[in-house]
Amino acid sequence: MVGTGWYLALAAVVFALGAVGLLVRRNPLIMFMCVELMLNAVNLTFVAFGRDLTDLGGQVSVFFVLVVAAAEVVVGLAIVVAIMRRQSGATADDISVLRG
Amino acid sequence: MEIAVFAVCAAIVIGGALGVIVARHPVHAALSLVATLFGIAVLFLTLDAQFLAAVQVIVYAGAIVVLFLFVIMLLGVDRVENLRTEPLGGQRPLAAGLGVAVLVLALLFAIAAGSGGFGGDEVATGRPAAVAPEFDSCTGVPKALEGSAAAIDCDGPEPISNIRQVAWWVFTDYVWAFQLTGLLLTVAVVGAVILARQRGGDDGSDEESVPDPAPEAVG
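Everything in this summary refers to the structure shown in the same document. These numbers were taken from a predicted model, which means no experiment stands behind them.

### Some points on the overall build of chain B
Each helix and strand counted, chain B has 6 helices and 0 strands in total. Mapped in sequence order, the helices and strands of chain B form the string α-α-α-α-α-α. When the 219 residues of chain B are sorted by exposure, 32% land in the buried category. Counting only contacts in chain B whose residues sit at least 6 apart along the sequence, the fraction spanning at least 24 positions is 39%. Carbon and sulfur atoms make up 70% of the accessible area of chain B, which totals about 12700 Å².

Below, the structure is given as structure tokens:
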């Protein structure tokens, strides 16, 4: 049995990679993927702690996080599609004005 | 054996995460994301979360990444991003420093929270290693609440299944949150359709050719 600490350490690494990617990349789609990475890292800590504490609430929380992540991706990609339609090849820097 | 599985999955997860942030081609980034998600699904299996492992593969790898790929193809943004230009001066070193800070802090917390947990079953913290499972061995519901789950057939050869436990919690204690997620998904779908649909008049490109639609038709 692999200890909980190893899972937490792996999740920390994935979260940090996702955070760096979110800050460095400028393609909105890849920024979304980095957000997914961070969400997955947190999911991993939820399940690891859930096993550590023999509490199923961790897994139920991950279930809800999955649903929220799906909704977030759907709305986010719709916004990206709407922006790209006006301005092809837009990066995050081109979307600095919150205006239609 | 479990250590080997964990090591392989950790390598896949970290490699995939690195692939997401260094891939210059968005399609490659999406495929690296699939590798990461599969690795995490296997890690869920090793953590006895079979239901979440299946949902992870179906929802993330099956739906979300396909949605990403679909948008990439639809928009034709699958060209290589120029990683040389740096519009914000000093942003990358700052981001790297911040990432290292996050990593160090999170690792410190991980070590503090899982202290002794690196070795194996024997947890050397002050609290008891494993709280005595409060679940009934057959129904998978807490013993204190067992009367309400009397309908479950307990004669089967299988012990508690993970799905049964998760379902019990989702449909009892968390049922309000569960209903709200349904509402959230409905709102998200409607919002996505409204955001992404081709509006006749205010598209810019065909503004001259198409007369303005009635205001009620928009939104």
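### Examining the overall build of chain A
Scanning chain A for helices and strands turns up 3 helices and 0 strands. Ordered by position from N to C terminus, the α and β elements of chain A give α-α-α. In terms of overall dimensions, chain A is more spread out than a globule: its C-alpha atoms have a radius of gyration of 17 Å, far above the 13 Å expected for 100 residues. Considered along the principal axes of its C-alpha atoms, chain A spans approximately 50 × 25 × 15 Å. Here chain A holds 100 residues, and the buried ones make up 63% of them. Within the structure as shown, chain A displays about 3500 Å² of accessible surface, and the carbon and sulfur contribution to it stands at 69%. Taking the 6 positively charged and 6 negatively charged side chains of chain A as two groups, their mean positions are separated by 14 Å.

### Thoughts on the packing of helix H3 (residues 57–86) of chain A against helix H5 (residues 162–170) of chain B
Following both chains from N to C, one finds H3(A) and H5(B) inclined at 75°, their axes separated by 10 Å at the closest point. It follows that H3(A) is roughly perpendicular to H5(B) by the angle criterion. Where H3(A) approaches H5(B), its residues Gln59(A), Val60(A) and Phe63(A) are matched on the opposing element by Asn162(B), Val166(B), Trp169(B) and Val170(B). A class-by-class count of the residues in the contact of H3(A) with H5(B) yields 5 nonpolar, 2 polar and no charged.

### Focus: the packing of aromatic side chains
With the rule as written, the count across this model stands at 7 aromatic pairs over all chains. Between Tyr7(A) and Phe6(B), the ring centres sit 4.8 Å apart and the planes meet at 75°, which makes this aromatic pair edge-to-face. Taken as a pair, Tyr7(A) in helix H1 (residues 4–24) and Phe6(B) in helix H1 (residues 2–22) lie in two separate chains rather than in one. For Tyr7(A), a relative accessible area of 1% gives the class buried. With 6.3 Å between their ring centres and 20° between their planes, Phe63(A) and Phe178(B) make a pair best called stacked. Taken as a pair, Phe63(A) in helix H3 and Phe178(B) in helix H6 (residues 175–196) lie in two separate chains rather than in one. Here Phe178(B) falls in the partly exposed class, since its relative accessible area comes to 26%. Among the aromatic residues, ring-to-ring pairing joins Phe63(A), Phe64(A), Phe51(B), Phe171(B), Tyr174(B) and Phe178(B) into one connected group.

### Regarding the nonpolar core
In terms of nonpolar packing, the biggest core is built from 64 residues, with Phe44(B) and Phe68(B) touching the most fellow members. Among the elements of the structure, H1, helix H2 (28–52) and H3 of chain A together with H1, helix H2 (26–46), helix H3 (50–75) and H5 of chain B are those that each provide at least two residues to this core. Considering every element that reaches this core, the biggest residue donor is H3(A), with 12 residues. Contact partners of Phe44(B), with chain neighbours within four places excluded, come to Asn43(A), Leu44(A), Val47(A), Val62(A), Ala49(B), Leu52(B), Ala53(B) and Gln56(B).

Thresholds applied
All residue numbers here refer to positions counted from 1 along the written sequence of the relevant chain. Chains carry letters and ligands carry numbers; both start at the beginning, A for chains and 1 for ligands, and go up in the order they are written. In view of the model being predicted, local features appear only for residues whose pLDDT reaches at least 70, and side-chain atom pairs are presented and counted only at 80 or more, with totals across whole chains, interfaces and linings using the full set of residues. Neither water nor hydrogens contribute to the side-chain values; these are computed over all heavy atoms in the structure. Think of it this way: any DSSP run of H or I at least four residues long counts as a helix, any run of E at least two long counts as a strand, and we number them from the N terminus. Under the scheme applied here, a residue whose accessible area is under 20% of the maximum for its type counts as buried, over 50% as exposed, and between as partly exposed, the area being computed with a 1.4 Å probe on protein chains only. Here a residue-residue contact requires only that any non-hydrogen atoms of the pair lie within 4.5 Å. To measure how exposed things are, a 1.4 Å probe is used in the Shrake-Rupley method; for residues, cover is taken only from the protein chains shown. Here the radius of gyration uses the C-alpha set of atoms, whereas the globule reference equals 2.2 Å times the residue count to the power 0.38. Residues scored as positive are Lys and Arg, those scored as negative are Asp and Glu, and His as well as the terminal groups of each chain are ignored. A charge is said to be at NZ when it belongs to Lys, at CZ for Arg, at CG for Asp and at CD for Glu. Simply put, an axis is a line fit to the C-alpha atoms, just over the touching stretch for a helix, and the angle between two N-to-C directions goes from 0 to 180 degrees. By definition in this entry, angles of less than 35 degrees are roughly parallel, angles greater than 145 are roughly antiparallel, angles of 65 to 115 are roughly perpendicular, and the rest are oblique. Lys, Arg, Asp and Glu make up the charged group, whereas Ala, Val, Leu, Ile, Met, Phe, Trp, Tyr, Cys and Pro make up the nonpolar group; the residues left over, Gly among them, are polar. Only rings of Phe, Tyr and Trp enter the pairing, Trp through its six-membered ring, and a pair is recorded when the two centres are within 6.5 Å. The plane angle decides the type: under 30 degrees is stacked, over 60 is edge-to-face, the rest tilted. Joining through side-chain atoms within 4.5 Å is the link that ties buried Ala, Val, Leu, Ile, Met, Phe, Trp, Tyr and Cys residues into a set, and such a set is a nonpolar core.

Bear in mind that shape data such as this cannot, by itself, settle questions of function.
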